[in-house]
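Below, each chain spelled out in residue letters.
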Amino acid sequence: MTIKTLERQDIVDFLYTEAKILDEWRLMDWAALFTDDGTYIVPPIGEPEAIPTKSLFYIHDNRSRLQERAERLLKKEAHVEYPHSTTTRNYHNILVGDIESDVISVDCNFTTHRTKREVVDTFIGKIKYELVRENDRLAIQRKKVVLNLDSLRPHGKISLIL
Amino acid sequence: MERIIQDNLEKSEFLVNRRVFTDKEILARERAEIFNKCWLFIGHETEIPEAGDYKRKKVGGRNLLFVHSQDGEIRALFNTCPHRGALVCREDSGNSRVFRCFYHAWSFKNDGELVGMPGKDGFPEGFNDEGTKNMKAVNRLESYRGFMFVNFDDNAISLDEYLGNAKEYIDLVVDQSEYGMEALGGVQQYSVRANWKLLAENSVDLYHGMPTHKTYFDIKQAQDPNLKRVKLEGKGINLGNGHSVIEYVAPWGRPVAQWTPIWDEEFKNDMEKMKTRLAERFGEDRADRIANYNRNIVIFPNLVINDIMAVTARTFYPSSPGYMEVQGYSLAPKGESDKHRLARNNNFLEFLGPGGFATPDDNEALELCQEAYNNNSEVEWNDISKGMVRGEGNALATDELQMRSFWRHYNSIIQESLNKEVAHR
């Protein structure tokens, strides 16, 4: 099957599928959504355009480290996520850029709720995706999560994939 | 509460009463006797390099403005209008010659001096002759090699005297750079739902390294199958005044100047040059110590400087017995090449910080301690006796002498405060 006739709804479905995969803690499947040169980054709060040599990011993963992140979080010794927290991701205000272009930009708002030990933490912000067609499927070349928070309080950590 | 600690040298047993982690009265005493009297880290001088640069800071429960004033001085102003008290500056950071309180539009130079107020004719001549209407500065602000501290006690000993033996270790951190260290942007502000003293303990607790951070070492070992030095060998040292350090061999790459196989050959050459340069500056032994050893330093009460796979400074403050706010800084040599800086930051992010592969697990461990202190009534004591049998001078980095040093000093302050109260009753 070819996806030459890509439509906006295909993009939206792809995003929702990603959210579902993450909510189900199928993290290796999540990593597989990325291209071989895929990146996953979370810049510092309040500095969405920060430069990684000048500012410290929360997450600045290349393809191999995002894989390591996924593998780590599935281990029992990733104590912070054992047992796994329960998460609910919602994507809203999805804006799909030029669907004909080689790299399709997609912006959306997100909320990720995480609950563990009867405490709910909510992460909110924007995600910028750059998606490409690869082997007749969509793949993530770049995922950038911009947190719309004042600080990581009270969350305390980003121990899940946003 | 009976005693805070039981320090039994004969039995080689050291116990800490768990109520210090949960008791509100203890927290009130800590505020009065520790946070109001000890030197507290406010930030690094490189955060405000230019005249007019400022950053808002919360230190010891106060709202402060850390400001590089137009006269070249660095000050810590209380961020409150002398008129009716509103927070004068609402931006987190910036550059400004003047701060203006929006409530009644009083304006202040960035050294705190009142320079404007509407309706001046309603105030007498010489209204501010004594300077009481200026923004108040913290009287005691002192610096050691770029690390700046405030003290809310005008009678406190000097920072230099306070740091004492800890200076030797701060020097080892700072000397890795020929041009000084700088604080990076993106200060990490997070929290731990646990008592603040648990983070001080955790920071010099190498005993927890393997069990808590196994997933990190798994990754390191996959990158470097020859990684043998995961034994984390080293010493634990009491530095006096509640300060302490662990110094141990680095089982990971250090951006100054220990190479690891995930870095390329060009890096290896660079690192050898760095090491040679360090040896020229300080001799072989000290160069080896700077480049190949890790240091986790606790400056009592609430500053941690970790010189590990990157350099981080963390400071923290309790808003309740079971909750602390943490500020995490990354420090790096000025003038470092972009390539090395990225490698350093990758190293940092892989282990440290709220999104790292290790810090969140520490956070979880401390929160689980705090949660289980609900059992305090029946299970009263923490044990931190490890290595006590070896004697003070022989403690390993994986022993608990470092924590006992913190607690002995803490005890001398808080137990005295508790005794005073009893005497007054």
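By the naming in an unreviewed UniProt entry, chain B is p-cumate dioxygenase, taken from Oceanobacillus zhaokaii. According to UniProt, the comment filed for chain B under the heading Sequence similarities (unreviewed entry) is "Belongs to the bacterial ring-hydroxylating dioxygenase alpha subunit family."

By the naming in an unreviewed UniProt entry, chain A is p-cumate dioxygenase, taken from Oceanobacillus zhaokaii. Of the comments in the UniProt record for chain A, the one headed Sequence similarities (unreviewed entry) reads "Belongs to the bacterial ring-hydroxylating dioxygenase beta subunit family."

## With respect to the pairing of strand S11 (residues 140–144) of chain B
All names here are of chain B. Of the strand pairs in this sheet, S11 and strand S12 (residues 147–151) are connected by five bridges, and their pairing is antiparallel. Bridge assignment links Arg 140 to a residue of S12, and that residue is Asn 151. Linking two consecutive strands that pair antiparallel, namely S11 and S12, is a turn of two residues; a positive phi of about 50° is found at Arg 145 within it.

## Points about the interface of chain A and chain B
Many structure descriptions define interface size as the accessible area lost when the parts assemble. Contact with chain A, which involves 33 residues of that partner, is made by 40 residues of chain B. Summing the contributions of chain A and of chain B, the shared interface buries around 3,300 Å²; its carbon and sulfur component is 49%. Our enumeration of links across chain A and chain B arrives at ten salt bridges. Residue Asp 361 of chain B pairs with Arg 72 of chain A through a salt bridge whose shortest N-O separation is 2.7 Å. Summed over the shared surface of chain A and chain B, the result is 31 residue pairs in polar contact (both at pLDDT 80 or more). Only strand S2 (59–61), helix H3 (63–73) and strand S5 (119–134) of chain A provide two or more residues apiece to the side of chain A that touches chain B. Ranked by residue count, the leading element in the side of chain A that touches chain B is H3 of chain A, at four residues. Class assignment of the residues belonging to the side of chain A that touches chain B gives a composition of twelve nonpolar, eight polar and 13 charged.

## Brief notes about the domain arrangement of chain B
All names here are of chain B. The domain boundaries assigned to chain B delineate domain 1 (40–144) and domain 2 (175–414). When each unit is reduced to the centre of its C-alpha atoms, the spacing between domain 1 and domain 2 is 34 Å. Contact with domain 1, which involves eleven residues of that partner, is made by 13 residues of domain 2. Buried surface at the junction of domain 1 and domain 2, summed over both partners, amounts to about 910 Å²; 61% is from carbon and sulfur atoms. Applying the counting rule to domain 1 against domain 2 returns one salt bridge. Salt-bridge contacts for Glu 325 lead to Lys 58; the nearest nitrogen and oxygen are separated by 3.3 Å.

## As for the confidence of the model for chain B
Regions with low pLDDT carry predicted coordinates that are not meant to be interpreted in detail. When pLDDT is averaged along chain B, the result is 94; 99% of the residues meet or exceed 70. Taken together, the chains of this predicted complex give a pTM of 0.95 and an interface ipTM of 0.94.

## Considerations on the side chain of Ser 244 of chain B
All names here are of chain B. As for its placement among the helices and strands, Ser 244 is situated in strand S16 (residues 243–249). What makes Ser 244 buried here is its relative accessible area of 1%. A polar side-chain atom of Ser 244 sits 3.4 Å from the main-chain carbonyl oxygen of Gln 402. Discounting residues that sit within four places of it in the chain, Ser 244 has contacts with Val 204, Ile 237, Leu 239, Asn 296, Ile 297, Val 298, Gln 402 and Ser 405.

## Looking at unusual backbone geometry
For the bond running from Tyr 82 of chain A to Pro 83 of chain A, omega is -15°, close enough to zero to count as cis. As for its placement among the helices and strands, Pro 83 of chain A is situated in the loop between H3 and strand S3 (86–96). With an omega of -15°, the peptide bond between Val 256 of chain B and Ala 257 of chain B qualifies as cis. Checked against the element boundaries, Ala 257 of chain B lands in the loop between S16 and helix H6 (265–282). Despite not being glycine, Arg 117 of chain A has its phi angle at roughly 50°, a positive value. Looking at the secondary structure, you find Arg 117 of chain A in the loop between strand S4 (103–116) and S5. Owing to a relative accessible area of 30%, Arg 117 of chain A belongs among the partly exposed residues under this scheme. In this structure, Glu 118 of chain A takes a positive phi of about 65° despite not being glycine. For Glu 118 of chain A, the location among the structural elements is in the loop between S4 and S5.

About the thresholds
Residues numbered from 1 in each chain as written. Chains lettered and ligands numbered in written order. Predicted model: local features only at pLDDT ≥ 70, side-chain atom pairs only at ≥ 80, totals over all residues. Heavy atoms only, no water. UniProt positions renumbered as here; feature names shortened; annotations may be inferred. Pairing = 2+ DSSP bridges. Helix = DSSP H or I, 4+ residues; strand = E, 2+ residues; numbered from the N terminus. Contact = heavy atoms within 4.5 Å. Buried area = accessible area lost by both parts, 1.4 Å probe. Salt bridge = Lys/Arg side-chain N within 4 Å of Asp/Glu carboxyl O. Polar contact = N/O pair within 3.5 Å; in protein donor to acceptor, adjacent residues only side chain to side chain. Nonpolar A, V, L, I, M, F, W, Y, C, P; charged D, E, K, R; others polar. Domains from an automatic or database assignment. pLDDT = per-residue confidence, 0-100. Buried < 20%, exposed > 50% of the residue type's maximum accessible area, 1.4 Å probe, protein only.

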